[in-house]
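Residue strings, one per chain:
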Amino acid sequence: MAATPIAVITGASSGIGAATARRLAAAGYRVVLTARRKDRIEALAAEINEAGHEATAYALDVTDREAVDTFATAFRTLAVLVNNAGGALGADPVATGDPADWRQMYETNVIGTLNVTQALLPALTASGDGTIVVLSSTAALASYEGGGGYVAAKHGEHVLAETLRLEIVGTPVRVIEVAPGMVKTEEFATTRFRGDTEKAAKVYAGVDAPLSADDVADTITWAVTRPSHVNIDLLVVRPRAQASNSKVHRTL
């Protein structure tokens, strides 16, 4: 009997990461949940296990390369890696943006993805049928005012995925990039505005049905579960009310 395929999801403590863990577990993967907030991922793992699926939790900061390398020793083979850990800080113009925010966004979105991908690539290759998912953003493809630091980081993550795909073609590992537009989750905008819930609410004000975390998780799961020879290089997913990063229909 074949072993249950394993999927690692970073940033699995909330939002898209948590929703993706639930979806992949239901699709038959044993999911390994990583995030810095140990209590959150342990609660999610318990929920998934109680639902009759398989999940384990592992507290991990993707920017800590030594910790990532230690984590990676647990896997001889690995079916799926979902690089979801990331996020945005601030919405200041380039002229006044805080370099510390830019640095933190780059470290989490780009270097964090690099750390985990490098550490787990041997196990993904050893599986004979590995899949790497990079969760970027429409910010990876087009700029918008007030988003310079986040846009720069997501462009870096997009190029990382694109370059890796070129470099490992011919190996049994796919590289999938999913780039969501406006997604309303419980934490993304609130974190960006440092707990200012009023500013966070304005992001989605008047927008009819922004994407949910589960919408994106469903998209990721669909891409991952395509036949092995099918690679979804780049999938952009937006709500119907959003035509671009700067063109959103609002009913105010």
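Per chain, the residues get numbers from 1 upward, laid out in the order the sequence is written. Reporting of local features is limited, given that this is a predicted model, to residues whose pLDDT is at least 70; pairs of side-chain atoms are given and counted only at 80 or more, and all residues count toward the totals for whole chains, interfaces and linings. For the side-chain quantities, the full set of heavy atoms in the structure was used; hydrogens and water were omitted.

Asker: Where do I start with the sheet that holds strand E3 (residues 54-59) in this structure?
Answerer: Each strand in a sheet pairs with its neighbour through backbone hydrogen bonds, running either in the same direction (parallel) or in the opposite one (antiparallel). Here we have 7 strands laid out as an open sheet, ordered E3-E2-E1-E4-E5-E6-E7, and parallel in their pairing. Edge positions in the sheet fall to E3 and strand E7 (234-237), since each of these pairs with one other strand and no more. Neighbour-to-neighbour, the strand axes of the sheet open up by a mean angle of 15°, direction not taken into account. When DSSP finds at least two bridges between two strands, those strands are taken to pair. Secondary structure elements follow DSSP: runs of H or I no shorter than four residues count as helices, runs of E no shorter than two count as strands, and numbering proceeds from the N terminus. Note: strand E4 (residues 80-83) against strand E5 (residues 130-135), 4 bridges, orientation parallel. Inter-axis angles, ranging from 0 to 180 degrees, are taken between N-to-C directions of lines fitted to C-alpha atoms, where helices are fitted over the stretch in contact.

Asker: Whenever I open this one, the packing of helix H1 (residues 15-26) against helix H2 (residues 38-50) confuses me. Can you help?
Answerer: Helix packing geometry: the angle between the two helix axes and the distance between the axes. Here H1 crosses H2 at 25°, and the two axes come no closer than 11 Å. As judged from the angle between their axes, H1 and H2 are roughly parallel. For the pair H1 and H2, the crossing hand works out as right-handed. Where H1 abuts H2, its residues Ala18, Ala21, Arg22 and Ala25 lie against Leu44, Glu47 and Ile48. Any residue outside Ala, Val, Leu, Ile, Met, Phe, Trp, Tyr, Cys, Pro, Asp, Glu, Lys and Arg is labelled polar, Gly included; the first ten of those are nonpolar and the last four are charged. Of the residues in the contact of H1 with H2, the class split is 5 nonpolar, no polar and 2 charged. Angle categories are assigned with fixed cut-offs, so that under 35 degrees is roughly parallel, over 145 is roughly antiparallel, 65 to 115 is roughly perpendicular, and the rest are oblique. Each helix crossing is assigned a hand: it is left-handed if the near helix lies turned anticlockwise from the far helix by less than a right angle, otherwise right-handed if that turn is clockwise. We call two residues contacting when some pair of their heavy atoms lies within 4.5 Å.

Asker: Would you take a moment to explain the nonpolar core for this structure?
Answerer: Soluble, globular proteins show a tendency: their nonpolar side chains are buried together. In terms of nonpolar packing, the biggest core is built from 36 residues, with Ile9, Leu24, Tyr29, Val31, Leu33, Ile48 and Ile220 touching the most fellow members. Residues within four places of isoleucine 220 in sequence aside, it is in contact with Ile16, Thr20, Val82, Val133, Leu135 and Val178. Only buried residues count toward a nonpolar core, which is a set of Ala, Val, Leu, Ile, Met, Phe, Trp, Tyr and Cys residues joined through side-chain atoms within 4.5 Å. In this scheme, a residue with accessible area under 20% of its type's maximum is buried, one over 50% is exposed, and one in between is partly exposed, where area comes from a 1.4 Å probe on protein chains only. Ile6, Val8, Phe71 and Leu164 belong to the second-largest nonpolar core, a separate cluster that totals 24 residues.

Asker: Please explain the packing of H1 against helix H8 (residues 213-224) as it appears in this structure.
Answerer: Taken N-terminus to C-terminus, the directions of H1 and H8 make an angle of 50°; their axes are 8 Å apart at the nearest point. Classified by the angle between their axes, H1 and H8 sit oblique to one another. The crossing of H1 and H8 is right-handed. Packed against H1, whose contacting residues are Gly15, Ile16, Ala19, Thr20, Arg23 and Leu24, the element H8 presents Ala213, Asp214, Val216, Ala217, Asp218, Ile220, Thr221 and Val224 at the interface.

Asker: Mind showing me how you'd approach the pattern of salt bridges here?
Answerer: Pairs can form between side chains of opposite charge once their charged atoms are near each other. Throughout this description, the term salt bridge denotes a Lys or Arg side-chain nitrogen within 4 Å of a carboxyl oxygen of Asp or Glu. Using the criterion set out here, one finds 8 salt bridges in the structure. Between lysine 38 and glutamate 42 there is a salt bridge whose closest N-O contact spans 3.9 Å. Taken together, the residues lysine 38 and glutamate 42, both in helix H2 and 4 residues apart, mark about one turn of the helix. Taking relative accessible area as the criterion, glutamate 42 reaches 41% and is therefore assigned partly exposed.

Asker: Help me understand the packing of aromatic side chains, please; the structure alone is not making it clear to me.
Answerer: A ring pair, where both rings are aromatic, is described by two values, the distance of the centres and the angle of the planes. Within 6.5 Å between ring centres, the rings of Phe, Tyr and Trp (the latter by its six-membered ring) count as paired, and their orientation is classed by plane angle as stacked under 30 degrees, edge-to-face over 60, tilted in between. Summed over all chains, the structure comprises 3 aromatic pairs. Ring geometry for tyrosine 58 against phenylalanine 71: centres 4.7 Å apart, planes inclined by 50°, an arrangement best described as tilted. Of this pair, tyrosine 58 sits in strand E3 while phenylalanine 71 is found in helix H3 (residues 65-72), placing the two residues 13 residues apart along the sequence. A connected cluster of aromatic rings, assembled from ring pairs, spans Tyr58, Phe71 and Phe75.

Asker: How should the environment of threonine 77 be read in this particular structure?
Answerer: Relative to the helices and strands, threonine 77 resides in the loop between H3 and E4. When the C-alpha positions of threonine 77 and glycine 90 are compared, they lie 38 Å apart, and in sequence the two are 13 residues distant. If we skip the residues at most four places from it in the chain, threonine 77 touches Ile6, Ala123, Ala126 and Ser127.

Asker: Sorry, what's going on with unusual backbone geometry here?
Answerer: Peptide bonds are mostly trans, and most non-glycine residues show a negative phi. For arginine 194, which is not a glycine, the phi torsion comes out positive at approximately 50°. If you trace the backbone, arginine 194 turns up in the loop between helix H6 (188-192) and helix H7 (197-204). Here alanine 209, not a glycine, exhibits a phi torsion of approximately 60°, which is positive. With respect to the helices and strands, the residue alanine 209 is situated in the loop between H7 and H8.

Asker: I would appreciate a short explanation of the side chain of threonine 20 in the present structure.
Answerer: Relative to the assigned elements, threonine 20 resides in helix H1. Here threonine 20 falls in the buried class, since its relative accessible area comes to 1%. A polar contact is formed between the side chain of threonine 20 and the backbone oxygen of isoleucine 16, at a distance of 2.7 Å. Excluding its chain neighbours within four sequence positions, the residues that come into contact with threonine 20 are Ile9, Val82, Ala217 and Ile220. Polar contacts, as used here, are pairs of N or O atoms within 3.5 Å; protein pairs need one atom able to donate a hydrogen and one able to accept it. Residues neighboring in sequence count only if both atoms are side-chain atoms.

Asker: Any chance you could explain the pairing of strand E2 (residues 30-35) here in plain terms?
Answerer: Where a strand is regular, its side chains alternate between the two sheet faces. Where burial is concerned, most of E2 is hidden: 5 out of the 6 residues are buried. With 4 bridges joining them, strand E1 (residues 6-9) and E2 adopt parallel strand pairing. Bridging across to E2, isoleucine 6 finds its partner in arginine 30. You can see the chain leave E1, run along H1 and come back into E2, and the turn it takes is right-handed. Chirality of the crossover, the property in question, places the unit of E2, H2 and E3 among those that are right-handed. By the criterion used throughout, a crossover qualifies as right-handed when its path from the first strand across the helix to the second strand runs clockwise, the strands pointing away from the viewer.

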